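# Overview (structure and organization)
The primary structure of each chain is shown beneath.
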Amino acid sequence: MPNPNTLIIFHPSAHPTPIFEAIKVKIVHSSWILEMGAAFWPVVLVSAFWGVVGIVLPFYTPKGPNRGIFQLILMLTGATCWLFWLCCYMAQMNPLIGPKLTNNTLILMDAAWGQ
């Protein structure tokens, strides 16, 4: 029975044999690997970028008869692009559809990881 604090990594360059060689790596805190959540910096940086597009840039649109339309376009672009990105980003945290594996891959995984 493998230790629950041990992560098995398959190195892609280690294919000299038909079966992948498993390299066991000791993890200090296994909760770091097992948790799946939003990373702080990508959310902050992308939110800041689309916030600048939708909140700051409308104040710098040139004066003219279509200024209100340009401001509205920038605000809607910032809001909708940020919302689209957020939905795509969050969908990757808990995917509804997993990878489709062949029987050979499943047998290899079962042999390497075991139950």
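This text gives an overview of the structure that appears in the document. (Residues numbered from 1 in each chain as written. Predicted model: local features only at pLDDT ≥ 70, side-chain atom pairs only at ≥ 80, totals over all residues. Heavy atoms only, no water.)

## Brief notes about the side chain of Thr61
- Looking at the element boundaries, Thr61 is found in the loop between helix H2 (40–56) and helix H3 (67–91).
- Looking at Thr61, the relative accessible area reads 10%, which means it is buried.
- A polar atom in the side chain of Thr61 sits 3.2 Å from the side chain of Arg67.
- Apart from residues lying up to four places away in sequence, Thr61 is in contact with Arg67, Phe70, Gln71 and Leu74. (Helix = DSSP H or I, 4+ residues; strand = E, 2+ residues; numbered from the N terminus. Buried < 20%, exposed > 50% of the residue type's maximum accessible area, 1.4 Å probe, protein only. Polar contact = N/O pair within 3.5 Å; in protein donor to acceptor, adjacent residues only side chain to side chain. Contact = heavy atoms within 4.5 Å.)

## Examining a nonpolar patch on the surface
- Taken together, the side chains of Val52, Ile55, Val56, Leu57, Phe59 and Tyr60 present a nonpolar region at the surface, about 640 Å² in accessible area.
- For Tyr60, the position within the fold is in the loop between H2 and H3. (Patch = residues over 30% accessible without salt bridge, like charges linked within 9 Å, V, L, I, M, F, W, Y side chains within 5 Å. Areas by Shrake-Rupley, 256 points an atom, 1.4 Å probe, with all protein chains shown as cover. Salt bridge = Lys/Arg side-chain N within 4 Å of Asp/Glu carboxyl O.)

## Remarks on the environment of Cys81
- Topologically, Cys81 is positioned in helix H3.
- Considering only alpha carbons, one finds Cys81 and Trp50, 31 residues apart in sequence, at a separation of 7.4 Å.

## Some points on H2
- Counted at 1.5 Å a residue, the expected span for H2 with its 17 residues is 24 Å, and the 22 Å between its end C-alpha atoms agrees.
- If you check which residues of H2 are buried, you get Gly51, Val53 and Gly54.
- The inward-facing, buried residues of H2 contact H3. (Expected span 1.5 Å × (residues − 1).)

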